[in-house]
Protein chains: 2
Amino acid sequence: MIDRYSPEKIYMQIAKAIESDLQEGFEAGDLYLSEKTLTEKFGVNRHTVRRSIEELVKQGVLEKRHGFGTFVAEKRLAYRIKGHQRLTEAVEANGLSVETTVLSKSTILARGSIAENLQLKNGEEVIQVNTLRKIDNKELALISHFLPKAFCPEVLESYESGSLGSFLINVYGIKAKRISSLVSSAMPNASDNFQLGMMGSQPILKVKTLNKDDVSGKIIEYSVSRFRSDMIQLEILINPEQP
Amino acid sequence: MIDRYSPEKIYMQIAKAIESDLQEGFEAGDLYLSEKTLTEKFGVNRHTVRRSIEELVKQGVLEKRHGFGTFVAEKRLAYRIKGHQRLTEAVEANGLSVETTVLSKSTILARGSIAENLQLKNGEEVIQVNTLRKIDNKELALISHFLPKAFCPEVLESYESGSLGSFLINVYGIKAKRISSLVSSAMPNASDNFQLGMMGSQPILKVKTLNKDDVSGKIIEYSVSRFRSDMIQLEILINPEQP
DNA sequence: TGCCATTTGTTCGTATGTATC
DNA sequence: TGATACATACGAACAAATGGC
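This one's a predicted model, so the numbers in the text were calculated from it and none came from an experiment.

### Remarks on the overall build of chain A
Point 1. Regarding its fold elements, chain A presents eight helices and ten strands.
Point 2. Every one of the 243 residues in chain A was classed for burial, and the buried ones make up 46%.
Point 3. Of all intrachain contacts in chain A linking residues separated by at least 6 positions in sequence, the fraction that spans at least 24 positions is 57%.
Point 4. For chain A, the exposed area adds up to about 12,500 Å²; of that, 48% sits on carbon and sulfur atoms.

What follows is the structure, encoded as structure tokens:
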């Protein structure tokens, strides 16, 4: 099963063997074989097996839980978010509902990129709201919203759940419209990993969004969203109605 | 220096120690201490040092080269690509030039997502061109272009370098216009890593783009770009000229 | 060219810690 | 509490890549 004289590293040979093994007798969510079992099956050291599993975890094929075992990773659908839609609208267009949890609310002082994006002076008060979005009971995104406090102080007191976009419409009659997004990709930090239920081996898609009041044109929200990359694709349509 | 009775793992203590060490006496690009030196400095096993370095590589703080050593990672600028621009235009707008290398050209038969996106039947001939884009002599992106062979067979024979967009203008008088992009994030495979000069610990930003002929409206190119996430941010402006 | 020292990469062995059920 | 499984750490040896001589 293992060719010790091959130029291909043993841990890579095992990783490939496990991958084809998975396609034959395992389904997503199944508990996979223990390190000990694999060690005996392939006749190698436990560290070598661990190295193989590490590769597959990095590829998103397997997931591990300390003290319990190794699983076959769930294959997740990718949701398409159209450029001009807000997250909630886009997902609901797919017939799914988004569950929003407010993780924290606080007042901070504007500085750096937040001040710059909201067009505020350093030191002006900003409301920060952190929310977790779930679809189908699976963590999808962590969003940090930043709003000028002078503009919508009620958010700090009254916003508890649901779409922040809807809240702004209901309370202020303001329809936030996205004017630009900055998309990048990065590895999640420990806190992101924890809150998104990730294993640390998959990247996140980071989207910084600027929303303005559709009527006055004033910037009312800057947000930083961190999406699980295994659950989302952003679809960007370039000026679809223009000649 | 190391507290063996702390609940914090030794490799994490060392990772933090190295990180502050870097801020004091090292600059980006510097060769860092060898594993052997660190082993002696911290009085731990080499595996433990390697585990610490692994963390920092994952964070993008350090980079390694087999047989040579460990480096302090370069801090790279993020280039902003506006939604409606082609890559070459956008980067040149920043006063930089893009170097294009054609890695391979071949004819393949349309199937799956390629057939679907180019609106071709399964089995129709498609030209695939793989290119590497560099800025400032640094690898930025790998792009796989797919074009219907019936439409532009000359690409296979004559396209050797430079922007593919310019080639299409020069030879056919056709201005390709991007109509949609699908953005996602993933870990690179071994080949991507190699060609982009990456170390395997950083994600890539994947952009699937559909381009049509501005005049006839016919779809003429489908491309899949893999950007180094440490060098690029995509800037998306949503219908900027509309009310 | 080839050899050598250095450095990172892989593999084995062993022991102990920690989480889960 | 005990059994099982993954996590951390130490020690040793050899492989593979690099750069200099």
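### Regarding the protein's contact with DNA strand C
Point 1. Within the structure, DNA strand C sits among 26 residues, and Arg4(A), Ile10(A), Tyr11(A), Thr48(A) and Lys64(B) are positioned closest to it.
Point 2. For DNA strand C, a phosphate oxygen lies 3.0 Å from a polar atom in the side chain of Arg50(B).
Point 3. Within the side chain of Thr70(B), a nitrogen or oxygen atom sits 3.3 Å from a phosphate oxygen of DNA strand C.
Point 4. Taken together, the elements giving at least two residues each to the surface near DNA strand C come down to α1 (10–25) and α3 (46–58) of chain A together with α3 (46–58), β1 (62–65) and β2 (69–72) of chain B.
Point 5. The residue makeup of the surface near DNA strand C, split by class, is five nonpolar, eleven polar and ten charged.

### Here we look at the protein's contact with DNA strand D
Point 1. Around DNA strand D sit 27 residues in total, of which Lys64(A), Arg4(B), Ile10(B), His47(B) and Thr48(B) are the nearest.
Point 2. A breakdown of the atoms of DNA strand D within 4 Å of the protein gives sugar and phosphate a share of 68%.
Point 3. Taking Arg46(A), its side chain carries an N or O atom lying 2.8 Å from a base nitrogen of DNA strand D.
Point 4. Within the side chain of Arg4(B), a nitrogen or oxygen atom sits 2.4 Å from a phosphate oxygen of DNA strand D.
Point 5. Of all the secondary structure elements, the ones that give two or more residues to the surface near DNA strand D are α3, β1 (62–65) and β2 (69–72) of chain A together with α1 (10–25) and α3 of chain B.
Point 6. Residue contributions to the surface near DNA strand D peak at four residues, all from α3(B).

### Side note on the nonpolar core
Point 1. Ranked by internal contacts, the top residues of the largest apolar core, which has 24 residues, are Val183(A), Leu205(A), Val183(B) and Leu205(B).
Point 2. Breaking this core down by element, the ones donating at least two residues are β6 (138–148), β8 (204–213) and β10 (232–237) of chain A together with β6 (138–148), β8 (204–213) and β10 (232–237) of chain B.
Point 3. In contact with Leu205(A), other than residues within four places in its own chain, are Val183(A), Ser184(A), Ser225(A), Arg226(A), Phe227(A), Ile232(A), Leu234(A), Val183(B), Ser184(B), Ser185(B) and Leu205(B).
Point 4. Counting residues in each nonpolar core, the second largest holds 16 residues, with Leu22(B), Val44(B), Leu56(B) and Val61(B) among its members.

### Here we look at the pairing of β8(B)
Residues and elements named next belong to chain B.
Point 1. Along β8, seven of the ten residues are buried, which leaves the element largely enclosed by surrounding structure.
Point 2. In this sheet, strand β9 (residues 219–228) lies alongside β8 in antiparallel orientation, the contact comprising nine bridges. The residue of β9 that forms the bridge with Leu205 is Phe227.

### Details of the environment of Ser184(A)
Residue and element names in this part refer to chain A.
Point 1. Looking at where Ser184 falls in the secondary structure, it is placed in strand β7 (residues 176–186).
Point 2. By relative accessible area, Ser184 is classed as buried at 11%.
Point 3. Distance in space between the C-alpha atoms of Ser184 and Leu205 is 6.1 Å, their sequence separation being 21 residues.

### Topic: the confidence of the model for chain A
All names here are of chain A.
Point 1. Of the residues in chain A, 87% reach a pLDDT of 70 or more, and the chain-wide mean stands at 84.
Point 2. In the model of chain A, strand β3 (residues 79–82) stands out as the element of lowest mean pLDDT, 60, in contrast to helix α2 (residues 35–42), which has the highest, 96.
Point 3. Contacts of residues 239–243 to residues separated by more than four positions or lying in other chains number nine contacts, the stretch itself having pLDDT below 50.

### Some remarks on the packing of α2(A) against α3(A)
All names here are of chain A.
Point 1. The interhelical angle for the contact between α2 and α3, taken along N-to-C directions, is 110°, at an axis separation of 9 Å. The angle between α2 and α3 places the two elements in the roughly perpendicular class. For the pair α2 and α3, the contacting residues are Glu35, Leu38 and Thr39 in the first and Arg46, Val49, Arg50 and Ile53 in the second.

### What about the side chain of Thr70(B)?
Residues and elements named next belong to chain B.
Point 1. With respect to the element layout, Thr70 can be found in strand β2.
Point 2. Assessed through its relative accessible area of 6%, Thr70 is described here as buried.
Point 3. Not counting the four nearest positions on each side in its chain, Thr70 is found in contact with Asp30, Leu31, Tyr32, Ile53, Leu62, Glu63 and Lys64.

### A word on helix α7 (residues 164–172) of chain B
All names here are of chain B.
Point 1. Of the positions making up α7, those classed as buried are Leu164, Gly165, Phe167 and Leu168. End-on, the buried residues of α7 take up no more than an arc of 160°, which puts them together on one face.
Point 2. Backbone nitrogen of Gly165 and a side-chain oxygen of the N-cap are separated by 3.0 Å at the start of α7; the cap is Ser163.
Point 3. Positive phi shows up at Gly173, right after α7, with a value of about 70°.

### Remarks on the pattern of salt bridges
All names here are of chain A.
Point 1. Tallied over the full model, the rule gives 22 salt bridges over all chains.
Point 2. We note a salt bridge from Lys41 to Asp21, for which the minimum N-O separation is 3.3 Å. Here the residue Lys41 occupies a position in helix α2, and Asp21 occupies one in helix α1, the gap between them amounting to 20 residues.
Point 3. Residue Asp21 is classed as buried on the basis of its relative accessible area of 18%.

### Some thoughts on the side chain of Thr100(A)
Residue and element names in this part refer to chain A.
Point 1. With respect to the helices, strands and loops of the structure, Thr100 is situated in strand β4 (residues 98–109).
Point 2. The class for Thr100 is buried, based on a relative accessible area of 12%.
Point 3. Those residues within four positions of Thr100 in sequence are excluded, and the remaining contacts are Thr131, Leu132, Arg133, Tyr159, Ser161, Gly162 and Ser163.

What counts as what
Residues numbered from 1 in each chain as written. Chains lettered and ligands numbered in written order. Predicted model: local features only at pLDDT ≥ 70, side-chain atom pairs only at ≥ 80, totals over all residues. Heavy atoms only, no water. Helix = DSSP H or I, 4+ residues; strand = E, 2+ residues; numbered from the N terminus. Buried < 20%, exposed > 50% of the residue type's maximum accessible area, 1.4 Å probe, protein only. Contact = heavy atoms within 4.5 Å. Areas by Shrake-Rupley, 256 points an atom, 1.4 Å probe, with all protein chains shown as cover. Near = heavy atom within 4 Å. Polar contact = N/O pair within 3.5 Å; in protein donor to acceptor, adjacent residues only side chain to side chain. Nonpolar A, V, L, I, M, F, W, Y, C, P; charged D, E, K, R; others polar. Core = buried A, V, L, I, M, F, W, Y, C linked by side-chain atoms within 4.5 Å. Pairing = 2+ DSSP bridges. pLDDT = per-residue confidence, 0-100. Axes fitted to C-alpha atoms, helices over the stretch in contact; angles between N-to-C directions. Parallel < 35°, antiparallel > 145°, perpendicular 65-115°, else oblique. Arc of directions from axis to C-beta. Salt bridge = Lys/Arg side-chain N within 4 Å of Asp/Glu carboxyl O.

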